Structures are given as structure tokens and as C-alpha cells.
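Reading the structure
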Number of protein chains: 2
Amino acid sequence: MRIILDAMGGDNAPGAVVQGAVLAAQEFGVEIILVGDEEKILAAAKEQSLDLAGIEIIHAGDVIEMCDDPTRAIRHKKDSSMVVGLRLLAEGGADALVSAGSTGALLTGATLIVKRMRGVKRAAIATIIPGQKQAYLLLDSGANTECPPEMLDCFATMGSVYAQKVLGRQNPKVALVNNGAEETKGTPTYVAAHQLLRQNPSIHFVGNIEPRDIPTGGVDVVVCDGFTGNVILKLTEGLAKFFSAELKQMFYHSFATKLAALTLKSGVSAFKKKLDADEYGGAPLLGISQVVIKAHGSSNAKAIKNAVRQAKACVENGMIDTIAANMAACKAAGVPNAEE
Amino acid sequence: MRIILDAMGGDNAPGAVVQGAVLAAQEFGVEIILVGDEEKILAAAKEQSLDLAGIEIIHAGDVIEMCDDPTRAIRHKKDSSMVVGLRLLAEGGADALVSAGSTGALLTGATLIVKRMRGVKRAAIATIIPGQKQAYLLLDSGANTECPPEMLDCFATMGSVYAQKVLGRQNPKVALVNNGAEETKGTPTYVAAHQLLRQNPSIHFVGNIEPRDIPTGGVDVVVCDGFTGNVILKLTEGLAKFFSAELKQMFYHSFATKLAALTLKSGVSAFKKKLDADEYGGAPLLGISQVVIKAHGSSNAKAIKNAVRQAKACVENGMIDTIAANMAACKAAGVPNAEE
């Protein structure tokens, strides 16, 4: 299996990506192709005394920056690591691509270069978010601010396949975000989406989920539009930061509280690990015709490695084909989500 | 000043409401009118050995339950404590009303019986949410799932007045929820709302706020539609519950951690107090032509007392008249938010 890594994407590139590539190649036995500035890649490897034997490097001289306009960057920076990598993927030169670069550019690039799957109007960003019982998959977590009911239904199908094939959830529970449990709740879009999800033969729909119940992690897939998903994802991050700061303040109050904090150290570590996004790898772009994973911008080597593991699981478990088959099944059942 | 209390509203009614009424009458020197089942009110007072001297009781034999359909309940339960109370307010028999009963029924009842202010298309529920630096006012937090830009602009005007007049914030910072800081971000509705808020002469607009930054409490007023507001409000509650449960688990792990928890007790209490909604009273229904406060359904006596304090502040500081004046100023400036 061949997996492309965008060596220049992310806050810690290329150092963390190169290290992650070496770890992943060793641990998972996959072929890694590093795309990016060859000189910088080799320098990063040398600096960390990493052996790149068996890792292929494809030179790309340009970089898409976080501040670049996504569409313009994809169209004009033809020699950027991201565009070169996506082109290689589209041409069949690899099985998957991982990038920690700009989310907008990756989404645009994947859509324009790798293309969407048949029957998918818009790709979604699916993010794995820690919960009390278990992590859940949130989609769309920011790609499409406005989503008609059919799009939400399509997200449900794709998210359910991912939860099953990659997260290993049996008969994953799919829920629709809403401001009440009753099927009449929410905007007209959400009322209509509720009915589509109920009729969707390829998912196990458990109804609406109220935002208060999302963090318990009682469901596997949480479906909503990208505006709402962005609120859920980013507010969760913001509140985790707020609570951590308060906890820290509590611990650093006095000598006695510092001692108490030491006693609680293992508990705090376990909690931090539970909330650590790096443990979960990256966010798959669902609806693209090949496997594309967006790693967090602040990814360290471990996060990059985990994103490669995720990409490998997507390929091995036939995620793309299963999504395609389920979309076709929906279409055959007369459910409108699979219509082009 | 005369303030009506819906004695039968809320999970702990009438006991907590009656106790809250006595506390408020003593502390704030306001006249309290308890509306509800007289026999039950007197029994609740007797049970708690409370002296109701100086508190007026107006009998209402029926109760609007949480499961009742709001519109039907307001139309048909004419002898319910909420409807009798709202009618009394509308007829000029008091200056404000506080209820811990059904939010939907209170909003519908206030709209149908007390009526909206001139120039306000829909009333909003404004909730005070704890933040790292300071609490902030979120509106709409659930009344209107879909809001055109003009409605969001109107919410901004009303929220700003409330922050100033009741929360005592000088030149309150008003922000619009969005998935990015740039003015082109978000749905077409939010892009248009951004422009209206920028031109609004009666507010200090600081631009879009990303959900990650909401919990820091750097702004005073956070504006969004009711679907998004409900997500923010309820997800905050859900995550606070999740984190508290994790903290508890950490503390109860062993004898040593229990001892450590004792040392941290005052810090934990301070944190809990910061997050305690009861400290902040209730949620004003902004846009109604008189002061109506929705207390939390689980309100205890302290929360009821604080909601009365809040109602008193609204009346004393001329909140309604200031909102009316600011709406008129917007209209005079040619800003469309004040159009009927």
C-alpha cells in the first residue's frame, strides 16, 4: 500500500511529518511517499537522525500557506506539495493522501483534482471528537455552511460507513443534531432531514440528539451542517481549554494544592489522553473518490503516524467502495440522497 | 415596584418559588404577587415556616405543564398561573413577571398576551453564560430557529441594552457567532448580518467571534440564531457535566486522591460557583413590551430570588424604554432592523 504524505503541511512541517513518516513506515509496513521540498525534507531527516531508507521523496518546490485563498492556491500553486500530492493520488500513483496543511485548500484540491464520488454533491469533513463513553464522529464539521436535507442524509450514509469500517463500530448509531427530540423540531431543513434519515436503509438512525447529550458519546455518528458542526467542534475545544486553565489555577494555588495535584497526576494524565486529538489521528474528507485525510494543523509526529494508520484502515477495509455501494442502495430504494 | 411570580412554574414549584418570593421581598423591598393555587402556596409556606405577610396571592387553579403544547396551553388554559400572571402584567397590574415554567409557553404567552415592542418581529431568549473572564449574554438562545439578518441585528441592539442596563457593562462588546473572523465568512444570512451589525449605530460591534473564543468571555454579547444559540447553550451545559464527572472520578479514585480532593475543596467550590447558573438568575425575553424573565426550570429559592433581582434591575434602569429608543434611533439612521 502506498500512502502520500504532504511533507510541507502543518505548523510543524516538515520536521514532524518526516518523523511521522518514518514511524509509520516502520510500524505499519506501508510505503510512504513524502511530497515536498527535497532539500528541506533531507535536512529535517538529518537533524533528527532519521533513516529515510525505503521512503520515496517526490520534489515539490512550492507550499500552500494557511493564509492563501484555497481556490486560488490550488489553481495557481501547481508545484505546491499539496497539489503535486493530490495529482499523484488522482493519477493512481498511491492509495491515500495525508496532509496537515490548510483545510480549505485540501478540500478544494481534493474536490477539483481527485474529484467527488458519484452521487455526492459535496464532500464533508468528518472529525472524531472525544466523548465521555466513547469518541464520536461529527460531520460536517465545517466544509459546507449550508446543507439541504439530501446533503445531510448523504453525510449520514458516509459517516456510518466510516464508523463501521475504520472506527470498528458495529451497527453504528447515527443521530441528527437538533434542538429537541421530537421529529417536528428544528428548522424546515432539519425537519426534512429527519424524515430522510429515518428512511435511509443503510444507516441505524436513532433520531435527533440534543446538544447537551452530544458529549456523553452515546452515539457513533453526529450529523449536522458545517456551520453547526464548526460550532460543536470549536466550542468543545474552547471549553476544554477553559476548564483546563481553571484546573491548573486550582492546582497552582498553594504549596498544599500543588502536592494534591501530584497525587492526582495519573488521573489528570488519563483525562488529558482522553481529550487528546492526536490519539485519534486526522479528519477524513468523506465523499472524495479516494482516501484523503486532513491531519490537525498542529500535528506532531505521533498525530501524523496515527493519521497514516487511519488512511491505511480506510484503504484496507474498502471504505470508498462500501460508501459507493451504500449510496447506490439508497438510490435503488428511491431515497433521494444518492441522486446526482 | 410590583413583581409577579408564577408560583406553579418549574421543577421545584411551588416550594422553591414561595421561598424565593419571601427572600426577594425581604432583600429587595419589592412587592411580590404570587400567582397560583392558593391552597398549595399556603401549604408550601407552612411547610417551610415562611411568613407571607406583605406578599399578595392571586389564585389560579390550573398549571401549564412542561409537556403541554405551548400555543394550545396558552390559548386553552386560561386559568393557569402563567396566563393569569401574564394577563395581570399586560393590564398594568405589575411591573415585571418571573416564571420558571415552560420556556415555549412563556414565550408564546408573552408574545400573545403582553405583546412585542414596536419594531420587534420576534422576541429572543437571552441567556447569561459563565465564561473565563466574565459571563456573557447569548441571544437568541433558542426561541427562533431561523433568523433573517434584520432579526439578528435587532437581537444585537436589545442584547447590548440589556448588558449595559442590567449587567452593568460599559460600552458592551457585541460579537456575531461565525466560523471565521473575516466578514465574508458563514452563510449568506450571517454575511448580511455582519454588514447590518457594522452599521448599527446603537451597538459597539467587535466583529465575528469564532466558537473557540466564546468561552473565554472576552465579549459581552454573543449574537446568533436560536438553532445555533441552543447548540452553544446546551453543549456548554453538557460539556460542563462531562468534565465535572471526570473530575469526580479523578477525586474518588483512591484514599490518597480523596485527601487531595479535600485540599482542593475551596478551589473546586469557586469553580463550581463560577459555573453555577443560579448565580446569574434567569433569561430575559427581550423584545416583549414589558419585563418578562424566564428562570431555569430547576431553579431553587436562590435562583428565583436572583431572577427577581434581575427583573427589578430591568425595571429600575428603564431597559424597555432604552431598547425602544435605540430601535427608533436605528430606524432614523435608515438601518433596516427597526422596521415593522
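Residues numbered from 1 in each chain as written. Chains lettered and ligands numbered in written order. Predicted model: local features only at pLDDT ≥ 70, side-chain atom pairs only at ≥ 80, totals over all residues. Heavy atoms only, no water.

Focus: the pairing of strand S8 (residues 173-177) of chain A
All names here are of chain A. Stated precisely, the cut-off is as follows: Accessible area is worked out with a 1.4 Å probe on protein chains only. A residue is then buried under 20% of its type maximum, exposed over 50%, and partly exposed in between. Strands here mean DSSP runs of E at least two residues long; helices mean DSSP runs of H or I at least four residues long; both are numbered from the N terminus. Following DSSP output, two strands are said to pair if at least two bridges run between them. Crossover handedness is defined here as right-handed if the route from the first strand over the helix to the second strand goes clockwise, with the strands pointing away from the viewer.
Of all the five residues making up S8, four are buried; the element is thus mostly covered by neighbouring parts of the structure. Of the strand pairs in this sheet, S8 and strand S9 (residues 204-209) are connected by four bridges, and their pairing is parallel. Bridge pairing in S9 links Lys173 to His204. The β-α-β motif built from S8, the intervening helix H7 (residues 188-199) and the parallel element S9 has right-handed crossover chirality. As judged from the three bridges shared by S8 and strand S10 (residues 221-223), these two strands associate in the parallel manner. Note that in S10 the partner of Leu176 across the bridge is Val223.

Thoughts on the interface of chain A and chain B
The condition that has to hold: Contact criterion: two residues are considered in contact whenever any of their non-hydrogen atoms come within 4.5 Å of each other. We define buried area as the total accessible area lost by two parts upon association, computed with a 1.4 Å probe and summed across both. Every case where a carboxyl oxygen of Asp or Glu lies within 4 Å of a side-chain nitrogen of Lys or Arg is listed as a salt bridge. Definition of a polar contact: a pair of N or O atoms within 3.5 Å, with one able to donate and the other able to accept a hydrogen when the atoms are protein atoms, and with sequence-neighbouring residues admitted only if both atoms are side-chain atoms.
In this complex, chain A contributes 45 residues to the contact, which on the side of chain B involves 45 residues. Between chain A and chain B, the buried area comes to about 4400 Å², and carbon and sulfur atoms account for 77% of it. A salt bridge links Glu237 of chain B to Arg212 of chain A; its shortest N-O distance comes to 2.7 Å. For the pair chain A and chain B, the number of links is two residue pairs in polar contact (both at pLDDT 80 or more). At the level of secondary structure, the elements contributing two or more residues to the side of chain A that touches chain B comprise H7, helix H8 (226-251), helix H9 (255-263) and helix H10 (265-275) of chain A.

What to know about the relation of the copies chain A and chain B
For clarity, the threshold we go by: Copy-to-copy superposition: least squares on the C-alpha atoms, limited to residues that have pLDDT of at least 70 in both copies.
For the pair chain A and chain B, the superposition axis carries a translation of 0.0 Å, the fit reaches an RMSD of 0.0 Å, and the rotation angle comes to 180 degrees. This pairing of chains is accounted for by a two-fold axis. Closest approach to the rotation axis among the C-alpha atoms of chain A is made by Ala260 of chain A, whose C-alpha sits 2.1 Å away. A high fraction, 100%, of the interface residues of chain A reappear at the interface in chain B, so the copies pair face to face through one surface.

Describing the packing of aromatic side chains
Threshold: Under the pairing criterion, centres of Phe, Tyr and Trp rings, with the six-membered ring standing for Trp, must be within 6.5 Å; the plane angle then separates stacked pairs below 30 degrees from edge-to-face pairs above 60, leaving the rest tilted.
Going through the model one piece at a time under the given rule, you end up with five aromatic pairs over all chains. Arranged with centres 5.3 Å apart and planes meeting at 20 degrees, the rings of Phe242 of chain A and Phe243 of chain A form a pair that is stacked. Note on Phe242 of chain A: relative accessible area 2%, which makes it buried. Aromatic ring contacts, followed pair by pair, group Phe242 and Phe243 of chain A together with Phe242 and Phe243 of chain B into a single cluster.

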